[in-house]
Amino acid sequence: MSGWVDFAAVKRAVSLETVLRHYQVPGLRRRRNRLQGCCPIHRGEREDSFRVDLDKNVFRCFSCQAGGNVLAFVAAMERCSIRDAALRLQHWFSIGMPDRSWAPVSAQLVRKKEGGNPPLHFALTNVDYAHRYLAERGIDRATAVEFGVGFYARPGLMIGRIVIPIHNGRGEIVAYAGRALDDRAPKYKLPTGFHKSLELFNLHRALAAGNKTVIVVEGYFDCMRVHQAGFPGVVALMGASLSPRQESTLLERFDRVIVLLDGDAAGLAGSRSIAARLSGRCSLVTVELPDGTQPDQLSTTAIQELLKHRTSDSF
Ligand SMILES: [Zn+2]
């Protein structure tokens, strides 16, 4: 990394608390102006080894002896130099950029202003796009790379999960969903405070595809499989029900909606409710799958057979 760096400005602009949130360090307990928990640097299990003084903006780990200011923390997490840590922080939090120089980063402020999920100021790196879980779910490497979906092994909220970036309609990342590799709960982990009812997964790519027809599915993997089968105009509800915001987005952005939910009780109920609400307000097709099947379990050929006559804009 190269470039201009203002160490003092970085230290002034970014609090340790903001950076801990950036890394989604789990389980920190707060007592007055102090945080305490497991050390994310050496990934220890002692719950009292890592301590942060929020007033002084410094941290200390009593197990691995790491300690210092916000720059030292990022340098330890990234295993990089202090200078590279400062450059990363400048980049992540847009420090020194004209519109937000010196301003402390506040998700709350952004949220109030826009009435939606605030964009994240970071993207996870070191994501493994070639993890076998993706192959088992029928996701090609090219699709995984395009969606930014892969296994994440580093400390934080998403450790040991398949991370799935969720974008808003402008293509800004607003959250990551973390899929467990096995049957553990929660199946999908989402950050506290994220409102999935305000987003449609994959909306920015569906808009970029330029069709007035959109396919609506339930889940992230349904969406990726349908996209991979050659239908880029697809969004996922991240569930089986349509929120008021999702409904208005669909009606504003598309003329024709193809509903392709799972072939189970929840999917069927969801399809019928969506059909009742959208009926007469757009061109609408409901595809019912056989009981017990969902789009991501179908073969690519089966998805193509199901959708090819229904997705033409000239319909
Ligand atoms: Zn430590």
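Fair warning: this is a prediction, and the values are worked out from it, not measured in the lab.

## What to know about the coordination of the zinc ion
For the zinc ion, the full set of protein donor atoms is Cys39 (SG), His42 (ND1), Cys61 (SG) and Cys64 (SG), at a range of 2.0 to 2.3 Å. For the zinc ion, the 4 donor atoms in the first shell make angles of 96 to 125° at the metal, so the coordination geometry reads as tetrahedral. Each donor residue of the zinc ion belongs to the same chain, and together they define the spacing C-x2-H-x18-C-x2-C. You can call histidine 42 partly exposed: its relative accessible area is 34%.

## Notes on the confidence of the model for the protein chain
In this model, the protein chain carries an average pLDDT of 87, and 91% of its residues clear a pLDDT of 70 or more. When mean pLDDT is taken per element in the protein chain, strand E12 (residues 234-236) scores highest with 98 and helix H5 (residues 107-114) scores lowest with 44. Between residues 97-114, whose pLDDT stays under 50, and residues either more than four places distant or in other chains, the model counts 22 contacts.

## So, the sheet that holds strand E4 (residues 58-61)
Within the open sheet, the 5 strands sit side by side as E1-E2-E3-E4-E5. Their pairing is antiparallel. Lying at the two open borders of the sheet, with one neighbouring strand each, are strand E1 (29-31) and strand E5 (67-68). Bridging between E1 and strand E2 (residues 34-37) involves 3 bridges; their strand directions are antiparallel. Pairing of arginine 29 across the sheet is with glutamine 36, part of E2.

## Some words on the packing of aromatic side chains
Applying the stated criterion across every chain, the model contains 8 aromatic pairs. Between tyrosine 133 and phenylalanine 221, the ring centres sit 5.9 Å apart and the planes meet at 75°, which makes this aromatic pair edge-to-face. Taken as a pair, tyrosine 133 in helix H6 (residues 132-136) and phenylalanine 221 in helix H9 (residues 220-228) lie far apart in primary sequence, 88 residues in all. On the accessibility criterion, phenylalanine 221 (2% relative accessible area) is buried. On the numbers, 5.0 Å between centres and 85° between planes, the contact of phenylalanine 201 with tyrosine 220 is edge-to-face. Note that phenylalanine 201 is positioned in the loop between strand E10 (188-189) and helix H8 (203-209) and tyrosine 220 in helix H9, a separation of 19 residues in sequence. Judged by its relative accessible area of 4%, tyrosine 220 is buried. Aromatic ring contacts, followed pair by pair, group Tyr23, Phe50, Phe59 and Phe73 into a single cluster. Across from the ring centre of phenylalanine 221, 4.1 Å away, lies the NZ or CZ of arginine 137, which sits over that ring. Over the face of the ring belonging to phenylalanine 147 we find arginine 205, whose NZ or CZ atom lies 4.0 Å from the ring centre.

The rules behind each value
Residues numbered from 1 in each chain as written. Predicted model: local features only at pLDDT ≥ 70, side-chain atom pairs only at ≥ 80, totals over all residues. Heavy atoms only, no water. Donors = N, O, S within 2.8 Å, 3.2 Å for Na, K, Ca; no water. Tetrahedral: all angles 85-135°; square planar, octahedral: opposite > 155°, others 65-115°. Buried < 20%, exposed > 50% of the residue type's maximum accessible area, 1.4 Å probe, protein only. pLDDT = per-residue confidence, 0-100. Helix = DSSP H or I, 4+ residues; strand = E, 2+ residues; numbered from the N terminus. Contact = heavy atoms within 4.5 Å. Pairing = 2+ DSSP bridges. Phe/Tyr/Trp six-rings, centres within 6.5 Å; stacked < 30°, edge-to-face > 60°. Lys NZ or Arg CZ within 6 Å of the ring centre and 35° of its normal.

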